[in-house]
Amino acid sequence: MTIEQVKSKYKNGQIPSSALSPVDTGQLLIKSARDAYMLMKADAKKDGVTIKLVGPSSAYRKCGEKGDYTKGLSNGVFTQWYAWELYKAGAGNLASNPTTSKSCKSNHGWGLAIDVKGSTAQKWIKKNGEKYGWWWSGGTFSKIENWHFDYDIDRDTFRKKINIKALQAGPSKYIMYAVLIGAVISLTYTLVTSIKDK
C-alpha cells in the first residue's frame, strides 16, 4: 500500500501487519519506506557500515493505550503510549504525546520512522540517508535523538529515478504485451474458424 492509502484507511499506530512490509530483521515499515531502507542498508554495507535497528519496535510502533507502561498493560511491548509514560516517569527518552486530541501521531505509528543503533551507522545515514528518503529528523527534536530517522518519499531520489526508468521502459513493455495478446487472440480465432470450416 502507498503512504496515502495507509493514512486514508488506518489510524496512526493501528495499521495491520498485512498493510506493512517487513525489513530483513522483522520490523515493519510502509512498503516504499521498507524498500528505501533495504537499499540504503545494502549500500551502507558496501561502505563497510552495518545498519541495525535498536529493537523490535524501532520501526512501526503500535499506538497502544494508557497504562501500557504504568500498569503493564502492554506486557513490555514498546507502544507509543509505553514510550510516553516511560518518558513522563523520567525513565525514557522524549516521546510523542498520545494524550492530545490527535491521539498517537509518531511517524513510527505510520511505519515511516526508524531508530538506528550505533554511532557509525547513524553518522552514515546522516551523511547519505536523504537520497534514500531517510533524513535525520531526530536532529530537529527539542532533545536531540541521533538514532531517529524519518522517511520522506519526496526526498527519495532513488525512487524518483526508478519511477522515471519504469515510465521510460513501461509503455514499450505494455505495447509488446498488447501485441502478443492480440496475436494470440488472432491465432485462436483463425484456428477456431478453420476447425469450424472443416
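The coordinates are above.
Below you will find a few notes about this structure.

Procedures and definitions
Residues numbered from 1 in each chain as written. Predicted model: local features only at pLDDT ≥ 70, side-chain atom pairs only at ≥ 80, totals over all residues. Heavy atoms only, no water. Helix = DSSP H or I, 4+ residues; strand = E, 2+ residues; numbered from the N terminus. Buried < 20%, exposed > 50% of the residue type's maximum accessible area, 1.4 Å probe, protein only. Contact = heavy atoms within 4.5 Å. Areas by Shrake-Rupley, 256 points an atom, 1.4 Å probe, with all protein chains shown as cover. Salt bridge = Lys/Arg side-chain N within 4 Å of Asp/Glu carboxyl O. Disulfide = S-S within 2.5 Å.

Assigned secondary structure in the protein consists of 5 helices and 6 strands. What you see in the protein, going N to C, is helices and strands ordered as α-β-β-α-β-α-β-α-β-β-α. The buried share of the protein, reckoned over its 198 residues, is 37%. Counting contacts in the protein only where the partners sit at least 6 residues apart, residues at least 24 apart contribute 53% of the total. Accessible surface computed for the protein: about 11900 Å², of which carbon and sulfur atoms make up 58%.

On to unusual backbone geometry. Only a minority of non-glycine residues have a phi that is not negative, and only a minority of peptide bonds are not trans. Not every positive phi belongs to a glycine, and Asn75 is a case in point at roughly 55°. Locating Asn75 in the fold gives a position in the loop between β3 (52-53) and α3 (80-88). Overall, Asn75 belongs to the exposed group, its relative accessible area being 72%. The backbone of Ser103 shows a phi angle near 60°, a positive value even though the residue is not glycine. Summarising the element assignment, Ser103 is placed in the loop between α3 and β4 (113-117).

This part covers the pattern of salt bridges. Applying the stated criterion to the full structure yields 7 salt bridges. Residues Asp24 and Lys41 are paired through a salt bridge, measuring 2.8 Å at the closest nitrogen-oxygen approach. Of this pair, Asp24 sits in the loop between β1 (21-22) and β2 (28-29) while Lys41 sits in helix α2 (residues 31-46); the two residues are 17 residues apart in sequence, bridging distant segments of the chain. Lys41 gets classed as buried once you look at its relative accessible area, which sits at 15%. Where Asp35 meets Arg34, a salt bridge forms, and the shortest distance between an N and an O atom there is 3.4 Å.

Our next topic: the state of the cysteines. Under the criterion given, the structure shown has 1 disulfide. The disulfide that involves Cys63 links it to Cys104, with 2.0 Å between the sulfurs. The sign of the 75° torsion about the S-S bond sets the Cys63-Cys104 disulfide as right-handed. One end of the pair, Cys63, is in the loop between β3 and α3; the other, Cys104, is in the loop between α3 and β4, with 41 residues separating them in the sequence. Across the pair, Cys104 and Cys63 agree in class, each one buried.

In short, shape yes, function no, at least from these values alone.
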